[in-house]
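Commentary on secondary and tertiary structure
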Amino acid sequence: DYYNNAQLHFRAAGTKRLEQNTLVKKAQTLIELKRYGEAENLLLDELAWGYENKDKEIVQSCVENLLQLYHRTGYHTKADWLLTSEYFTSCDTTATIDRALAYLQAANNNVKISNRYMRRAWEQSKSINDTLTNLMQMFDICKMREDYSNALSILENIHYIHDTLM
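Residues numbered from 1 in each chain as written. Predicted model: local features only at pLDDT ≥ 70, side-chain atom pairs only at ≥ 80, totals over all residues. Heavy atoms only, no water.

**Things to note about the overall build of the protein chain**
What the protein chain contains, in helices and strands, is 10 helices and 0 strands. The order of helices and strands in the protein chain, counted from the N terminus, is α-α-α-α-α-α-α-α-α-α. Split into buried and exposed, the 166 residues of the protein chain put 40% on the buried side. Across the protein chain, contacts joining residues at least 24 apart in sequence account for 50% of those joining residues at least 6 apart. Working note: accessible area of the protein chain is about 9700 Å², and carbon and sulfur atoms make up 52% of it. (Helix = DSSP H or I, 4+ residues; strand = E, 2+ residues; numbered from the N terminus. Buried < 20%, exposed > 50% of the residue type's maximum accessible area, 1.4 Å probe, protein only. Contact = heavy atoms within 4.5 Å. Areas by Shrake-Rupley, 256 points an atom, 1.4 Å probe, with all protein chains shown as cover.)

Now the structure itself:
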């Protein structure tokens, strides 16, 4: 497949970092294909490689992708582990990480802390995609907390933005 060919070419060229980055991209594709187990294994391998080789960009990308995977699959204990691991401490704060922290805090009934993380995610948002992602996270949090009135309102906003862009 495409990613395997790219990996082989980067390996032959002696560009290990590009080879590793290709594997992260492959894991992102596996997530979209809902092949979560394969994606998780690949990301965990790449995370360990990035950490051992002090490649902060690979570590950051793997942590963010794993957090998204764990959110999609409901693996909150794995996300909790990741957020307390040595891998996480080397990451920069991003909107993706703040959204994951917001969700986990909401799942643990820490609403004020959850809201603080969502505010930070909003502050870091730069695009319409960020806006939609933040709204989807807020929708998921409201749904999880059984706050269906706010969840419906957020969903209506998402549809309005979507319809406006089309």
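**With respect to the environment of T93**
Residue placement: T93 occurs in the loop between helix 6 (86-89) and helix 7 (95-107). Apart from residues no more than four positions distant in its own chain, T93 is found in contact with D98, R120 and Q124.

**Describing the environment of A121**
In this structure, A121 sits in helix 8 (residues 111-124). Along the sequence, A121 and T96 sit 25 residues apart, while their C-alpha atoms lie 7.3 Å from each other. Non-local contacts of A121, meaning those with residues more than four positions away in its chain, are made with A95, D98, R99 and N134.

**Describing unusual backbone geometry**
Located in the positive-phi region is N109, a residue other than glycine, with phi close to 65 degrees. Tracing the backbone shows N109 in the loop between helix 7 and helix 8. The phi angle at E146 is positive, at roughly 60 degrees, despite the residue not being glycine. As for its position among the elements, E146 is in the loop between helix 9 (128-144) and helix 10 (148-165).

In short, shape yes, function no, at least from these values alone.
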